[in-house]
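Residue strings, one per chain:
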Number of protein chains: 2
Amino acid sequence: MNIIVDAMGGDNAPKAIIDGCIEAINMQEGFKITLVGKSDIIQKILDENKYDKDRIDIVNATEVIEGDDTPTKAIKSKKDSSMVVGLKLIKENKGDAFISAGNTGALMTGALLLLGRIKGIDRPSLPALVPSKKNMVLLIDAGMNTVCRPINYLQFAIMGSIYMKLIYNIQKPKVGLLNVGSEDAKGNETLKNAFKMLSEGPINFVGNMEGNDITSGDIDIAVCDGYVGNVSLKLFEGAGSLLLNELKVIFTKNIITKLCYLLMKSAFKEFKTKFNADELAGAPVLGVKGLVIKSHGSSKAKTIRTAILKRAIPLVKCGVVNEIKNQFENMEVKPSDDEIR
Amino acid sequence: MNIIVDAMGGDNAPKAIIDGCIEAINMQEGFKITLVGKSDIIQKILDENKYDKDRIDIVNATEVIEGDDTPTKAIKSKKDSSMVVGLKLIKENKGDAFISAGNTGALMTGALLLLGRIKGIDRPSLPALVPSKKNMVLLIDAGMNTVCRPINYLQFAIMGSIYMKLIYNIQKPKVGLLNVGSEDAKGNETLKNAFKMLSEGPINFVGNMEGNDITSGDIDIAVCDGYVGNVSLKLFEGAGSLLLNELKVIFTKNIITKLCYLLMKSAFKEFKTKFNADELAGAPVLGVKGLVIKSHGSSKAKTIRTAILKRAIPLVKCGVVNEIKNQFENMEVKPSDDEIR
């Protein structure tokens, strides 16, 4: 198995990205990594570390797509960028997955333009996993599509169901439509039409859900447009950080509370981990002909390591891309003519 | 000052509502309460309590608008419902504020149809306050308008700025547009046009913001459509409940952690309060000709008490409705022709 990694993408690239790859290699056997980017810089950082040299290759790419580059323009003009070169390696079957912490819009656009959509899918989607009182919950879409038609919600739901089945072995993932109320007739026209489509779709649709149902753990998949999904995902991170902040205040109040913290340190470590973005790192672009994983823009070495070991490798093994291909080929999901919301 | 309260609205009505009113009366001087609803039932509950009988009146209303009633239909058909009667009392200046924990849609519709819009405002809004690392942050709209035009975002921003100035004495509240990224050109067409309008508006606009910026405390007002706002508000409650849940697990782990909890109980009380929906109770409908306050559907006595003492009374005193009237009368905010998102 060969995991292709964009060495130049993300706030802490290339150092943190390369360190993360080395950590992954040193922690687990059975796969190789191809680092894409400026080879001299990459080689220099690699040489500072101890690792099995046979397991990391470099493919040179002279350009870098920056965070503020315009997605389509960047993909079309920076043909020798680490992102474009990495995606092409996937297209040419020279790797099993491509991980990048770079410009999200550019990665989505690149995946679409260079790998192409799976037949039957109008809009590929970038989902995100968030913790709940029970299992992890999939938010789909989490930022790729800020305007959606009802048919898109249904396609998100189907792809999300396949994803949750494969990674968590949930046979019939419960799908909810993220809405402003739990009653059937809630929301704007798009949501009402999406509700109808989801009700008739080949999924386990449980109806409308509200924001607090994301964390209740009673559903497995929250379907929404990328605007709501992206705000929800980031608000969730923000709320977590706010509450941990408040806890810090409480625990540093006096000598007794400080003692309590020391006594409970280990317990809190688990707690923090659960709400740590690093642990939630790496979401696949679902609906394109290839496995592309977006890692957090602020990815540290640990984030990249997690994206490789806990996302890329399991997703390659379970063949999520082919599963989606097969299911959509054997199914007729026709775009509706509903107005765009 | 006379606060009119819908005795029949909400999951725990009428008992919890009436108990909340009595608590408020017994805690603070200087105002009266008019309870609207089935007088025999209300009287019976009142008689079970000790309070200053001169400070609570009853106005009889034979019908009740249920949670699953269709808003417009309910307001038009149930003319003798506690909600309609209560709103009419406001229209006839027989009270200074109307509080209801009943059907949100019906309350919004009723406020619009019976009290009417303030001139210059296309869409009244129901905002919500959420805690951040610094001050409270206003989410506007938080559920009243699930589809918005750019002009609506600007009007929300102006009303929100007046509201935050009056209740927290912030001279120039920082307004952010809740979006999928912080760069200027982010989001769909509606958001891009809203960004333009906000940039030119009579407000302190700081640009696009992301979900995690709600809790950072760097902005005072997050402007968004009611779909995103409502999901965000409820997700915030859900995330809080999830984290408190996790804390409970940690503190009940063993005898030492239990001891820690006892030692820190008081500190945690503040902590819980900050994230307790009861404390965030009661949001005014901004943009209608009268002060109407929506309290949480699951309002308990404490929620209603809070809505009366911490929302209704301060808002009557600062004259928020007239402030909005004056500002919009002295200003030209023309609706744009942008497409609905």
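Residues numbered from 1 in each chain as written. Chains lettered and ligands numbered in written order. Predicted model: local features only at pLDDT ≥ 70, side-chain atom pairs only at ≥ 80, totals over all residues. Heavy atoms only, no water.

Looking at an unreviewed UniProt entry, one finds chain A named Phosphate acyltransferase, with Ruminiclostridium herbifermentans as its source organism. Checking UniProt for chain A, the heading Function (unreviewed entry) contains the comment "Catalyzes the reversible formation of acyl-phosphate (acyl-PO(4)) from acyl-[acyl-carrier-protein] (acyl-ACP). This enzyme utilizes acyl-ACP as fatty acyl donor, but not acyl-CoA." As stated in UniProt under Pathway (unreviewed entry), the record for chain A gives "Lipid metabolism; phospholipid metabolism." (UniProt positions renumbered as here; feature names shortened; annotations may be inferred.)

Colleague: Go over the interface of chain B and chain A with me, naming the residues and quoting the values.
Modeller: Facing 52 residues of chain B, the contacting portion of chain A comprises 51 residues. With both sides pooled, the region where chain B packs onto chain A buries about 4,700 Å², and carbon together with sulfur makes up 74% of that total. On inspection of chain B and its partner chain A, the count reaches 2 salt bridges. Among the salt bridges present, the one from Lys234(B) reaches Glu210(A), with a minimum N-O distance of 2.2 Å. (Contact = heavy atoms within 4.5 Å. Buried area = accessible area lost by both parts, 1.4 Å probe. Salt bridge = Lys/Arg side-chain N within 4 Å of Asp/Glu carboxyl O.)

Colleague: Can you explain the nonpolar core? Please cite residues and give values.
Modeller: One finds Ile3(A), Ile33(A), Leu35(A), Ile308(A), Ile33(B), Leu35(B) and Ile308(B) to be the most contacted residues of the largest nonpolar core, which totals 173 residues. Contacts of Ile3(A), omitting those with residues within four sequence positions, involve Phe31(A), Lys32(A), Ile33(A), Thr34(A), Ala97(A), Ile99(A), Ala312(A), Ile313(A) and Val316(A). (Core = buried A, V, L, I, M, F, W, Y, C linked by side-chain atoms within 4.5 Å. Buried < 20%, exposed > 50% of the residue type's maximum accessible area, 1.4 Å probe, protein only.)

Colleague: Could you give an account of the relation of the copies chain B and chain A, with specific residues and numbers?
Modeller: Expressed as a screw operation, the relation of chain B to chain A combines 0.0 Å of axial shift with a rotation of 180 degrees, fitting to an RMSD of 0.1 Å. Interpreted geometrically, this transformation is the action of a two-fold axis. With an isologous cut-off of 70% or more, the 98% of interface residues of chain B that recur at the interface of chain A puts this contact in the isologous class. (Least-squares fit on C-alpha atoms with pLDDT ≥ 70 in both.)

Colleague: Report on the packing of aromatic side chains, specifying residues and quantitative values.
Modeller: Counting across every chain of the model gives 4 aromatic pairs over all chains. Centre to centre, the rings of Phe195(A) and Phe205(A) are 5.3 Å apart; their planes meet at 75 degrees, and the pair counts as edge-to-face. Here the residue Phe195(A) occupies a position in helix H7 (residues 189–200), and Phe205(A) occupies one in strand E8 (residues 204–209), the gap between them amounting to 10 residues. Taking the relative accessible area as the measure of exposure, Phe205(A) reaches 16% and is therefore buried. The ring of Tyr51(B) has Lys53(B) lying over it, and the distance from NZ or CZ to the ring centre is 4.3 Å. A cation sits over an aromatic face here: Arg55(B) above Phe31(B), 5.0 Å from the ring centre. (Phe/Tyr/Trp six-rings, centres within 6.5 Å; stacked < 30°, edge-to-face > 60°. Helix = DSSP H or I, 4+ residues; strand = E, 2+ residues; numbered from the N terminus. Lys NZ or Arg CZ within 6 Å of the ring centre and 35° of its normal.)

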